[in-house]
Number of protein chains: 2
Amino acid sequence: MSLAVEILGTTAAVITTLCWVPQVLRILKTRDSSAVSLPAYGALAVGSALWLAYGILIWSVPVIGANAITLMLVSLIVGLKIRYG
Amino acid sequence: MSLAVEILGTTAAVITTLCWVPQVLRILKTRDSSAVSLPAYGALAVGSALWLAYGILIWSVPVIGANAITLMLVSLIVGLKIRYG
């Protein structure tokens, strides 16, 4: 596997992990989460938890790291959605 | 790798792919996307496109399939956000 391909995969992982930061900030700033779908983010939290378990079982540090952070951010969005409705 | 671990990973992939269906449906039903963060979904679209390219380069059908569908659903959310604001 070439280094360029690995860099591409790592960049993809970093972007799809950190993209939830602006969503968290938007809800915190506006105190509005009306358009956010609870089933979508609930499912994403469950999915990230399963990815995390999978990452631990196959011991893949990138899968573990990306999904631990995603799970944290997405759980925060779910909590804010429950709070602000 | 045991079959149970593979089933766990596949379940995680299916959930984190299809979780965007309820978000698309919610925006279509309410015509409201005010609380949706454009930078978050824009970044997620770019990230999914990079995952898709990575999947093609390493020829992983699960990575290709999951990210092709995610890219489609997330692009739809970005389009709806631009339309409804």
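Refer to the structure above for everything that follows.
Parameters at a glance
Residues numbered from 1 in each chain as written. Chains lettered and ligands numbered in written order. Predicted model: local features only at pLDDT ≥ 70, side-chain atom pairs only at ≥ 80, totals over all residues. Heavy atoms only, no water. Least-squares fit on C-alpha atoms with pLDDT ≥ 70 in both. Contact = heavy atoms within 4.5 Å. Buried area = accessible area lost by both parts, 1.4 Å probe. Salt bridge = Lys/Arg side-chain N within 4 Å of Asp/Glu carboxyl O. Polar contact = N/O pair within 3.5 Å; in protein donor to acceptor, adjacent residues only side chain to side chain. Helix = DSSP H or I, 4+ residues; strand = E, 2+ residues; numbered from the N terminus. Axes fitted to C-alpha atoms, helices over the stretch in contact; angles between N-to-C directions. Parallel < 35°, antiparallel > 145°, perpendicular 65-115°, else oblique. Left-handed = near helix turned anticlockwise from the far one by under 90°. Nonpolar A, V, L, I, M, F, W, Y, C, P; charged D, E, K, R; others polar. Buried < 20%, exposed > 50% of the residue type's maximum accessible area, 1.4 Å probe, protein only.

**Digging into the relation of the copies chain B and chain A**
Between the two chain copies there is a screw-like relation: a rotation about an axis and a shift along it.
Here is step 1: At an RMSD of 0.0 Å, chain B and chain A line up after a rotation of 180 degrees and a shift of 0.0 Å along the axis. Classification of the inter-copy transformation places it as that of a two-fold axis. Taking the C-alpha atom as reference, chain B places Ala35(B) closest to the rotation axis, 2.5 Å from it.
Here is step 2: Here 100% of the contact residues of chain B are again contact residues in chain A; the copies associate through an equivalent surface.

**Considerations on the interface of chain B and chain A**
Reports often express the size of an interface as the amount of accessible area lost when the parts come together.
Here is step 1: Each partner contributes to the interface: chain B provides 36 residues, whereas chain A provides 36 residues.
Here is step 2: Counting each side, the surface lost to burial between chain B and chain A is near 2,900 Å², with a carbon and sulfur contribution of 75%.
Here is step 3: Counting the surface chain B buries against chain A, the share from its top three residues, Leu8(B), Ala35(B) and Tyr54(B), is 18%.
Here is step 4: Taken together, the connections running from chain B to chain A amount to zero salt bridges.
Here is step 5: Run the count over chain B and chain A and you get 13 residue pairs in polar contact (both at pLDDT 80 or more).
Here is step 6: Of all the secondary-structure elements, those providing two or more residues to the side of chain B that touches chain A are helix H1 (3–18), helix H2 (20–30) and helix H3 (38–57) of chain B.
Here is step 7: A per-element tally of the side of chain B that touches chain A places H3(B) first, with 13 residues.

**Here's the deal with the packing of helix H3 (residues 38–57) of chain A against helix H4 (residues 61–84) of chain A**
Residues and elements named next belong to chain A.
Here is step 1: Where H3 meets H4, the closest approach of the two axes is 8 Å, and the angle between their N-to-C directions is 155 degrees. What the angle tells us is that H3 and H4 run roughly antiparallel. Crossing handedness for the pair H3 and H4: left-handed. Every residue of H4 that contacts H3 at Leu38, Tyr41, Gly42, Leu44, Ala45, Ser48, Ala49, Trp51, Leu52, Gly55 and Ile56 is listed here: Val63, Ile64, Asn67, Ala68, Thr70, Leu71, Val74, Ile77, Val78, Lys81 and Ile82.
Here is step 2: A class-by-class count of the residues in the contact of H3 with H4 yields 16 nonpolar, five polar and one charged.

**Here's the deal with the environment of Gly79(B)**
All names here are of chain B.
Here is step 1: As for its placement among the helices and strands, Gly79 is situated in helix H4 (residues 61–84).
Here is step 2: In this structure Gly79 comes out as partly exposed when scored by relative accessible area, which is 37%.
Here is step 3: As a C-alpha pair, Gly79 and Ala68 span 11 residues in sequence and 16 Å in three-dimensional space.

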